[in-house]
Each structure stands twice: as structure tokens, then as C-alpha cells.
Amino acid sequence: MWFLLANAIIPNSLLAKTETESVTDNLAELEELQKMAKPGMIKSYLEDAAPVLVDFAVRVLFALIIYFVGKKLIKWIRKILKRALQRSAVDEGVCQFLDSAAKIFLYVVLAMAVINQLGVATTSMVAVLGSAGLAVGLALQGSLANFAGGVLILWFKPFKVGDYIIEDTHKNEGTVTEIQIFYTKLLTVDNRTVVIPNGTLANSSLTDVTHQDKRRVDLYVGISYEADTQTAKEILSKIIESEPARLAEEETVVFVDSLEDSSVRLGLRFWVATHDYWNARWRVTEEIKIKFDENQIEIPYNQLTVSLKNSGNLER
């Protein structure tokens, strides 16, 4: 009996003690929060944090100053580099390539200086970049190939700024306006800009149309078998001689090229300055048509003859 009564009373007392301790702990936490919420505690916390905030603000201010001053300095250095290269009579493509490389390098240095001013250790960043070099190299292998292609273009000089080139693989063509660190820009005759990776240009065949000072104009025209071949050749010779862009010191040739199924194919060749090529070609082509018409020399063309046969027994 007494044993059962003891078992019933002892747990209840322990439970009451636990509840009392819990309430006491909660009261202690509330008192601590009240102390922290007092104006004095907040003021003390702000006073402790103020030096850190001020130091960070000063770092940010100096980082901004370094950025803007460095940006101006980079422009000044690039101007000096361009002037020095121009005075040295360096190729325009080399000037553009070195300017692009210098711009990237200087901005990387500026970024490192700004990051260092903000409190980030540049030595640790270099270590991280070094450890990640393989991954970066694999990710940027296309860009590295373009960089190497740009170096090869400037070293072997298959073309230069101002040349008109035709890239044979993808049939891109135009006048070279810029040779940058990764890309080359072409300007087409209809004023479109074509951007081609240097790696593509370095690893594919291309035709430099304007590399030489003079070009030969080759034209072919067919005349009918009934026309006088000798007269047609004399007319072509006179047309060439009267062409103002023709280089008089170079040889001119008029010849029978082949005997086609429905025409005699005549050819003519003469030389002009490279910049006069297309105007001379267009003028001579037009003049051939005019002179042949004046001398009744027929230029054959495809014709379709339709014959209608009347059976004589048509029903109405």
C-alpha cells in the first residue's frame, strides 16, 4: 500500500520540478533578450561594427578610384602603343592584334588590383586559377586556337588589312578591315561585316584577290558559225585597245578558244590595275555587245522552236 502510494507521488513531484526549471529557463532567455533590446546594447553593437563598415566603405571607394583611374590609364597606354607602332611602319593588322592583346592584358591587371583593394588576396586567386588551368584550357581551346591562328596570320602574312580575300571553305569574301586577337573582320561590297575566327582562316584555303598590283581580265564570247571569225577578232582587238584602264606595256591576246555545238567561242585577255578590274571588265563586256550588233555579228542563244502539224481532219 505504502509502496504504491510512493510510486504515484514521486513522478508527480519530478514533473512539477521539471516544469519549474523550464519556466525559469524561459524567463532567463526573455531577460537576456530584453537586455539585448535595450538602446545601450544596440548602440554598443553599432559602435563595435562601425570601424568594420567604415573600413569596407573606404576600400570600396578606393577600389572605384583605382578602376576609373586605371581605365583612363589603359586608354592612354593604348594610344602611346598605337603611335609607336605607326611610327615604326608596322603592318596595320599587327597594330590591331597587339592593341587587342594589350587591352585584354591591362584590364586583367586592373581587375586584379581592384580585387586586391577589396581585401581578397590575389595570391590565393592565382593559386586557384593555376589549379583550374587545365579545365580553363579545355573550355577555351577554341579561343586559344583562334589566338594561335591570329599569330600565324600575322607571322606568315597570307593577307593584310585592306586586301580583298575569298575564304574558300565557306565562301565568305570581303575587304579585310580588322585583324583582332581572336577574329578577323571582313567588309563586303554591299557594306555587311563578316566576322571569321582566326583559326578558320589559318586552317583553310583562301584567295587574296588584291594582293598583286595588276590583274588579267579574261572574257569569252560566242559567235555564230555563219559570222566572220576574222572580223569578230578585229573588233575585239579594237575594243581592247580603246579601253582606258588597259596596261599598254602588257600583252593583249584575242583567240578562238573552242568550237561549241552552236557557236564559235572567242576569248580575249588584257591586263589592268587591280583597282580597275571590275570597271574595265564591265565596260568591255558592254562594248562587245554594242559593236557586234553594229556589225551584224550574231551572238547565239538558246531558242525553242515549236512546230504545229495540221492533220486536216479536225472536228468542230
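Scroll up to find the structure.
The paragraphs below set out a description of the structure included in this document. This structure is a prediction, so every number in the text was calculated from the model and none was measured.

## Section: the nonpolar core
It is characteristic of soluble globular proteins that their nonpolar side chains tend to be buried jointly. One finds Ile223, Leu236, Leu268, Phe270, Ile288 and Phe292 to be the most contacted residues of the largest nonpolar core, which totals 23 residues. Among the secondary structure elements, those contributing two or more residues to this core are strand E6 (214–223), helix H8 (229–241), strand E8 (264–273) and helix H9 (277–294). Counting residues in hydrophobic clusters, the runner-up holds 13 residues, among them Phe97, Val176, Ile179 and Leu201.

## Things to note about the sheet that holds strand E3 (residues 183–187)
Pairing is antiparallel in the open sheet, where 5 strands are placed in the order E4-E3-E2-E1-E5. Single-partner strands in this sheet number two, and they are strand E4 (193–197) and strand E5 (206–208). The sheet shows a mean angle of 40° between the axes of neighbouring strands, taken without regard to direction. In terms of strand pairing, strand E1 (residues 164–167) meets strand E2 (residues 172–179) through 4 bridges, oriented antiparallel. Bridged to Tyr164 within E2 is Thr175.

## Description of the sheet that holds strand E7 (residues 253–259)
With antiparallel pairing, 3 strands are arranged side by side in an open sheet as E6-E8-E7. Bordering the open sheet on either side are E6 and E7, each of which pairs with just one other strand. Strand-to-strand twist of the sheet, defined as the mean angle between neighbouring strand axes without regard to direction, takes the value 25°. The pairing of E6 with E8 spans 10 bridges and is classified as antiparallel. Paired with Arg215 across the strands is Val272, a residue of E8. Here H8 sits on the sheet and contacts E6, E7 and E8; the angle it forms with E8, its principal contact strand, is near 15°. Those strands touched by H9 are E6 and E8, and its axis lies near 25° from that of E6.

## Considering the layout of surface pockets
Approximately 260 Å³ is the volume found for the largest pocket. Lining the largest pocket are 15 residues, and of these Tyr164, Val209, Thr210, Arg215 and Trp278 lie nearest its centre. Secondary-structure elements contributing two or more residues to the lining of the largest pocket are E1, E2 and H9. Among the elements that make up the lining of the largest pocket, the one with the highest residue count is H9 (3 residues). Looking at the lining of the largest pocket residue by residue, the classes come out as 6 nonpolar, 6 polar and 3 charged.

Reading the values: the criteria
- Throughout this description, residue numbers start from 1 for each chain and increase along the sequence as written.
- In keeping with the predicted nature of the model, local features appear solely for residues at pLDDT of at least 70, side-chain atom pairs appear and are counted solely at 80 or more, and the whole-chain, interface and lining totals rest on all residues.
- Excluding hydrogens and water, the side-chain values take into account all heavy atoms of the structure.
- Throughout this description, the term nonpolar core refers to a set of buried Ala, Val, Leu, Ile, Met, Phe, Trp, Tyr and Cys residues connected via side-chain atoms within 4.5 Å.
- Per-residue accessibility, obtained with a 1.4 Å probe over protein chains only, is compared with the maximum for each type, and a residue is labelled buried under 20%, exposed over 50%, and partly exposed between these values.
- Numbering goes from the N terminus for both helices and strands, where a helix is a DSSP run of H or I of at least four residues and a strand is a run of E of at least two.
- Two strands form a pair only when DSSP identifies at least two bridges running between them.
- With axes taken as lines fitted to C-alpha atoms, and helix axes fitted only over the stretch in contact, angles between N-to-C directions fall between 0 and 180 degrees.
- For this analysis, residues touch if any pair of their heavy atoms sits within 4.5 Å.
- In this analysis a 1.4 Å probe is tested at points of a 1 Å grid over the protein atoms alone, and where it fits but cannot get out there is a cavity; an open set with protein on both sides within 12 Å along at least five of seven lines is a pocket; lining residues have an atom within 4 Å of a point.
- Grid points are joined across faces, edges and corners, and a volume is the space filled by probe spheres set on the points.
- Gly falls in the polar group here, along with every residue not listed as nonpolar (Ala, Val, Leu, Ile, Met, Phe, Trp, Tyr, Cys, Pro) or charged (Asp, Glu, Lys, Arg).

Treat this as a map of the structure, not an account of what it does.
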